[in-house]
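Results of the structural survey
Chain by chain, the residues run as shown.
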Amino acid sequence: MLGRVNHIAIAVPDLAAATAVYRDTLGAKVSQAQALPEHGVTVVFVELPNTKVELLEPLGEASPIAAFLAKNASGGMHHICYEVADIIAARDQLAAGGARVLGDGTPKIGAHGKPVLFLHPKDFQGTLVELEQV
Ligand SMILES: CC[C@H](C(=O)O)C(=O)SCCNC(=O)CCNC(=O)[C@H](O)C(C)(C)COP(=O)(O)OP(=O)(O)OC[C@H]1O[C@@H](n2cnc3c(N)ncnc32)[C@H](O)[C@@H]1OP(=O)(O)O
Ligand SMILES: [Co+2]
């Protein structure tokens, strides 16, 4: 089912500060900030040779990462995104096996313009899993 790791996401309280650390302290190539109001976040991608880091800042009152940052004021590892060839087949297989697919199970379009779904962290070793169809 799983392909490459598409990105590893870090939730941050201050996206500009986090971007500066990756760009200036770590010398990494960073993208422009991308507001994703439908996802309640603003993101910056850190481009790496073998994957990406997605820096996430809450956007709007109902951001799904607000509670996470309330518990982790400095920020922290938020989710890992795996690539899949067929997100509907993956969803149906996982749901049939008892895994909780978040939301109503309908894939949304993510930051890369591809369909994404999220799986409940409690079903995957305390780790929020995102699937992205590539
Ligand atoms: C798609 C655009 C972009 C992209 O890559 O293209 C993105 O990745 S956007 C990323 C932001 N969007 C999401 O994260 C959507 C999916 N997330 C959710 O629906 C929520 O964050 C959810 C349900 C995972 C957690 O929501 P919330 O924190 O409000 O609920 P609880 O406090 O009840 O948490 C339940 C339970 O899970 C633990 N938890 C929460 N978040 C995480 C996490 N990121 N990693 C691990 N565990 C997490 C939380 O501590 C609670 O555990 P408990 O032991 O019961 O306290
Ligand atoms: Co993501």
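Since the model is a prediction, treat every value here as computed from it, not as a measurement. (Residues numbered from 1 in each chain as written. Chains lettered and ligands numbered in written order. Predicted model: local features only at pLDDT ≥ 70, side-chain atom pairs only at ≥ 80, totals over all residues. Heavy atoms only, no water.)

This brings us to the UniProt feature "domain: VOC" (unreviewed entry) in the protein. Per the UniProt record, the feature "domain: VOC" (unreviewed entry) sits at residues 4-134. Taken end to end, residues 4-134 is 21% helix and 37% strand, and its two terminal C-alpha atoms sit 10 Å from one another. (UniProt positions renumbered as here; feature names shortened; annotations may be inferred. Helix = DSSP H or I, 4+ residues; strand = E, 2+ residues; numbered from the N terminus.)

Right, let's get into the environment of A11. You can see A11 is positioned in strand 1 (residues 5-11). The residues contacting A11, other than those within four sequence positions of it, are L56, I65, F68, L69, G75, G76 and H78. (Contact = heavy atoms within 4.5 Å.)

So, on to the coordination of the cobalt ion (ligand 2). The coordination sphere of the cobalt ion (ligand 2) contains the protein donors H7 (NE2), E54 (OE), H79 (NE2) and E130 (OE), at a distance range of 2.1 to 2.4 Å. One can describe the donor arrangement at the cobalt ion (ligand 2) as octahedral, given that its six donor atoms subtend angles of 77 to 168° at the metal. All donors to the cobalt ion (ligand 2) come from one chain, and their sequence spacing reads H-x46-E-x24-H-x50-E. Of the two residues, H7 is situated in strand 1 and E130 in strand 9 (residues 128-133); the sequence distance between them amounts to 123 residues. Like E130, H7 is buried. (Donors = N, O, S within 2.8 Å, 3.2 Å for Na, K, Ca; no water. Tetrahedral: all angles 85-135°; square planar, octahedral: opposite > 155°, others 65-115°. Buried < 20%, exposed > 50% of the residue type's maximum accessible area, 1.4 Å probe, protein only.)

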